[in-house]
Amino acid sequence: MDFNGIISSTKSYKIALVIAIALLLLLSSISYRQIINMRNSADLVSGSLLVDKEINNLFSKFSLIEASGYKSLIVNDSTFKDTYSVYKNEAETSFKQLAKLTQDIPEQRQYLDTINHWRDSLDISLNNINNYRGLLEEDVEDKLMAEVVKMASIFQKLASLKLGMSQKKDVLFRERINAYKTETFFTPFISLLLVLFSLTVFLLAFVKINNSRKELLSAQGFVDNIISNSNNLVNYFKPIIDENGKVIDFIFEYSNNKIEEITGIPTKQIIGTKLSKSFPITMTNGLFDMYVTCLNTGKVSQLTRPYIFKEEEVWLKSIVSKLEMGVNVTTIDVSQEKHASENLKKLNESLFLKNAILNNAEVVAKIGSFTSYPEMGVTDMSDNLYRLLGVKPGDFEPCLENLMTYVHPDDVQKFKKTFAKGISSKGITEVTYRIITKDKKRRYFKSTTLMIVENGTKKMVGVIQNITQSIKKDKKLEQKNKALKLINTELESFNRVASHDLQEPLRKIQMFISLLSETERNNFSEKGLAYLDKIDNSTERMQLLIKNLLTYSRIDNTLDGIQPIDLNNKMKKVKDNLSESIKESNITIVENNLPTINGIPFQIEQLFTNLISNAIKYKKLTEGAQIVIDATKVKPNQLPTPFNNTENAYYEIKISDNGIGFEQENAEKIFNIFERLHQKTEYSGTGIGLAICKKIVDNHHGYICATSKIGIGSTFYIYLPV
Amino acid sequence: MKIYVTFNLNITRNAILKEQLDRLGFDYTIENTQEISFKNKLTTEQESVLAESLSIYGITIIDNQKTELVQRIKDTINEMLADDEANLYKISSYLADKLNYSYAYLSNIFSESTYTSIENFVILKKVDQAKELIANTDLTLTEIAYRLNYSSVAHLSGQFKKTTGLTPSTFQKIIKKRKEFNI
Amino acid sequence: MSLKILNILLADDDEDDRWLFQKALSDLKIKTNLSLFKNGKELMEHLIRTETTPHLIFLDLNMPLKNGMECLTEIRSSCNLKAIPVAIYSTSSSEKDIENTFVNGANIYINKPSNFADLKNAIDKVLQLNWQYHTSNLNKDNFLFRI
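Below, the structure is looked at part by part. This is a predicted model, so every value here is computed, not measured.

**Brief notes about the overall build of chain B**
Turning to step 1, where the next piece is worked out: The helix and strand tally for chain B stands at 9 helices and 2 strands.
Turning to step 2, where the next piece is worked out: Relative to its full complement of 183 residues, chain B shows a buried share of 37%.
Turning to step 3, where the next piece is worked out: Within chain B, residue pairs in contact and separated by at least 24 positions form 44% of the contacts whose partners lie at least 6 positions apart.
Turning to step 4, where the next piece is worked out: Approximately 11300 Å² of chain B is accessible, and the part contributed by carbon and sulfur atoms is 51%.

**A word on helix α4 (residues 91-99) of chain B**
Residues that lie three or four places apart on an α-helix share one face, since the helix turns once every 3.6 residues.
All names here are of chain B.
Turning to step 1, where the next piece is worked out: Y94, L95, A96 and L99 are the residues of α4 that are buried.
Turning to step 2, where the next piece is worked out: Where the residues of α4 are buried, they touch α3 (65-82), α5 (103-114) and α6 (118-136).
Turning to step 3, where the next piece is worked out: N100 sits one or two positions beyond α4 and adopts a positive phi of about 65°.

**Comments concerning helix α3 (residues 80-101) of chain A**
Residues and elements named next belong to chain A.
Turning to step 1, where the next piece is worked out: A rise of 1.5 Å per residue sets the reference length of α3, with its 22 residues, at 32 Å; its end C-alpha atoms lie 30 Å apart and thus fit the reference within 8%.
Turning to step 2, where the next piece is worked out: Listed as buried for α3 are F80, Y84, Y87, A91, S94, F95, L98 and A99. All buried residues of α3 lie within an arc of 135° about the axis, which places them on one face of the element. Seen from the buried face of α3, the exposed residues on the opposite side, beyond 90 degrees, are D82, N89, T93, K96 and K100.

**Thoughts on the nonpolar core**
Turning to step 1, where the next piece is worked out: Of all hydrophobic cores here, the largest spans 40 residues; its most connected members are A:F608, A:I612, A:I629 and A:I718.
Turning to step 2, where the next piece is worked out: Leave out the neighbours within four places in its chain, and A:I612 touches A:M571, A:V574, A:L578, A:I589, A:I627 and A:I629.

**Thoughts on the interface of chain B and chain C**
Turning to step 1, where the next piece is worked out: Of the residues lining the interface, 26 residues belong to chain B; the matching set on chain C comes to 26 residues.
Turning to step 2, where the next piece is worked out: Between chain B and chain C, a total of about 2400 Å² is buried, with carbon and sulfur atoms accounting for 55% of that surface.
Turning to step 3, where the next piece is worked out: On the chain B side of the interface with chain C, the three residues burying the most area are B:Y115, B:L124 and B:R178, jointly 26% of the side's total.
Turning to step 4, where the next piece is worked out: Joining chain B to chain C, the criterion identifies 1 salt bridge.

**Examining the interface of chain C and chain A**
Turning to step 1, where the next piece is worked out: Listed by partner, the interface residues are 22 residues for chain C and 16 residues for chain A.
Turning to step 2, where the next piece is worked out: Carbon and sulfur atoms supply 57% of the area that chain C and chain A bury against each other, a total of about 1600 Å² over both sides.
Turning to step 3, where the next piece is worked out: Our count for the chain C to chain A interface comes out at 4 salt bridges.
Turning to step 4, where the next piece is worked out: Here C:D16 and A:K508 are joined by a salt bridge, their closest N and O atoms 3.5 Å apart.
Turning to step 5, where the next piece is worked out: For the interface between chain C and chain A, the tally reads 7 residue pairs in polar contact (both at pLDDT 80 or more).
Turning to step 6, where the next piece is worked out: Of all the secondary structure elements, the ones that give two or more residues to the side of chain C that touches chain A are α1 (15-26), α4 (95-103) and α5 (116-135) of chain C.
Turning to step 7, where the next piece is worked out: Its residues assigned to classes, the side of chain C that touches chain A comprises 6 nonpolar, 7 polar and 9 charged.

Calculation rules
Position numbers for residues count from 1 along each chain, tracking the sequence in the order it is written. Here the convention is simple: chains get letters from A, ligands get numbers from 1, in the order in which they are written. With pLDDT at 70 or above as the cut-off, local features in this predicted model cover only qualifying residues; side-chain atom pairs require 80 or more to be listed or tallied, and sums for whole chains, interfaces and linings still use all residues. As a rule here, side-chain values come from all non-hydrogen atoms in the structure, and water together with hydrogens is ignored. Secondary structure elements are defined from DSSP: runs of H or I of at least 4 residues count as helices, runs of E of at least 2 residues count as strands, and each element is numbered from the N terminus. Burial here depends on accessible area, computed with a 1.4 Å probe over protein chains only, as a share of the maximum for the residue type. Under 20% is buried, over 50% is exposed, and the range in between is partly exposed. Whether two residues are in contact is decided by their heavy atoms, any of which lying within 4.5 Å being enough. Only the protein chains shown count as cover for residues, with accessible areas throughout obtained via the Shrake-Rupley method and a probe of 1.4 Å. The span one expects for a helix is its residue count, reduced by one, times 1.5 Å. Arc definition: it is the arc formed by the directions from the helix axis to the C-beta atoms. Working definition of a nonpolar core: buried Ala, Val, Leu, Ile, Met, Phe, Trp, Tyr and Cys residues. They are joined through side-chain atoms within 4.5 Å. Put simply, buried area is how much 1.4 Å-probe accessible surface two parts lose in total, over both of them, once they are put together. Salt bridge, as applied in this entry: a Lys or Arg side-chain nitrogen positioned within 4 Å of an Asp or Glu carboxyl oxygen. Distance and chemistry together define a polar contact, namely a pair of N or O atoms within 3.5 Å, with one atom able to donate a hydrogen and the other to accept it when in protein, and with adjacent residues in sequence counting only for side-chain atoms on both sides. Here the term charged refers only to Asp, Glu, Lys and Arg, the term nonpolar to Ala, Val, Leu, Ile, Met, Phe, Trp, Tyr, Cys and Pro, and the term polar to all other amino acids, Gly among them.

Any functional reading would require information that these geometric values do not contain.
Take a look at the structure:
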């Protein structure tokens, strides 16, 4: 049972009210009755007490009468009559009073009747007494005495009557006092109950009222809050009607705080002002008319207009509805929406433009694109994709099956597999395949696809590139490459074989010449021997030349076998190899902490061997020959300019000697193959040594150059990447 | 896994001799490192059989005093090279002292029989030792030069190159590569 | 010198080289018994058949049918033959190739000289060295010589 519901519902409240009133009336009537009863009871009690008093009074009078009677008898007072009549009157009064008091008590009435009777008797008696007194009759005394005795017995009877009355009164009194007590016992309770009930009802009512008030307050507060915090401006207008009943203006009755925010005018300032005065523009832009119409027709309508507030243009949408005698207007700032819609329009335009560009780009780049929702089986293909396949855009329905009809039969499997993989993979999937266009042309396509999740649905986006051209180019390049490689290999083996095979006959020539010189010496003339010598020299030269050429050709361009080489160790080996000539020439070689470089061991060995042997060969005869080898690290900007360097840091290895030197203008020439600066009779050599050095250094992506001064010495600089 | 062995030439030789001579049933006495005396004279056939069975072990019967002397020279040289202290002596004086011949005579005999001089032979031996150390130990050239009583590494390298035609480092490289390929 | 005669084998496809070698050898003091072969195949066939173990084998590298390297490998893999010292006798090769021959088991590398005297000298040296190795308790595993 939803007690709260019942309480809060008006109907149940009314019923409760009725019940409460009824109960209240009931209780109050009960209480009233109770009090009346108590009052009656009290009256009765007081009545009893009065009776008691009167009885006492009466009988005291009788006692007085008795007493005075006796007294008069005793003293023989004549005043008795007077006093008796006084007392009799008093007794009469009292008797009457008592009679009145005991009106309702039959038993007391009986007593009273009896008392009355006896009173009369008394009266008679007393009168007799009085009468007798004056007489002097002889048996007056006896008559007196008899009357006295009668009086006495009357008083006795009266006394017993009093007693009876008193007793009766006591009984009645006790009854009444008990009743009174009972009444006084209940009455407070009933009254209290009544009071409490009343209190409770009042309290409940109060609480209910208070709660309702609170609710109301909070509801009001809520509404207030909404209104004041609403992004919307809420205004309530009362119309100003002229004498003809036409609405000429409106007055601001209520405005929430928003007005200050929008217009910059504080709320307090607005309220109470006229619409025409505060916002004159509304009189002409249709707002005023709309209000009037609404007021007259009660129809809800809206109007969006631009305004300028705070030096900015804002668009406000006003919705007006009739409320009692005035109009309630809600105004919404729609500037953003307006801007948004304008932006959207602009965006749309730019998007359209971009799309057009993209489409064009696709044509230029020879690519097509597609998006597909694999789960829903929906595919969208770009126009150029159709064109790539040799058909007009939209020629067939875009779907995987139709696309696959263009795929070369040999590649269909690959295509299917990769496509399936593409759906399940997270990254980019690529596949290259052939297609046959509508006009039977074969093309190479490359698909790049990616699965993305858009709003929970899987979407595949892909770009298809026509790579036919690049494939063709690649093939051509490959072919050329192969051809080149072949040529290269041929050339190399030609070189090697030529050199090698050339050496064979040469050696034979030399060998047989030496045999001739040795064994057939005697058979030759001087001239003959000299001729033999010449032949020998020439062949020796030729052999050296071929050997060097062989070495030169052996330096291949690949860097197979590249490894770190400690140049210190390498120098040691070179010095070992050249130990004899070093010893012979008495040359000192000093190397200072050479670095470790990456290179091909044999080639590096050759490089240094050639340079050192050159230094030995071209030493000065006059002084002790010396070679100094140094190494430093240099940055690319410190390298000599002709060098096309690509690495970050280089080692500069300096080999300087104090030999005969050469003209600096020849510094580049010397590295040319077969280039010599001296006669072959002056210094032996084939002109290949330095060319070999250059080839080796070039192979290691380095650079070699030299500086020299005639008669002083030469310095060779080798630059190798770190 | 590697184990390092060294052997006592004499014991080895004697053991082999004993084994072979016993096998062939000879009545013999091993007099010294060079000599074995037989109770009975050996026939040519017996001699050739013995020579053949001993040749497997590299033991040759020398029937020439000259050859014997040469062998003694060789042995002495071996001794000298094995002895660290004796290495300090000059070969000439050492041999002359040990064998009680003039060095010139010894030299002559040696060259005649072996077609190489004593000096060459010594060098050969030393280089062979160097080769041994390079191939089988991790000693540096400096250490090897020191051990073999060379005045410097350069001296050792020079002699090495002259004798073998290869530098010690090349030699080392080749030996290492050989081991890799399990030649 | 011992009475031993050195059994020497030479395989070289060049007729002149064979003749020169023989001539040089004959001029030397050391007594030798030379067998000549014009290619590797013939050499290997002989080696398999022969009863006499040669003391030294000279191999030219460039030969038809079976070249020097192939012979070398075969010799070094055969139980009977692997102890025979082998000298490669060839025209100039690269350092790498020379080293390679040693690594593959050659003991000697002779660069074919272009002078008869040098040839005699070279052969003489080789034979002497070889003889020393036979007679003087030197380690054949380390027998490497280049000239």
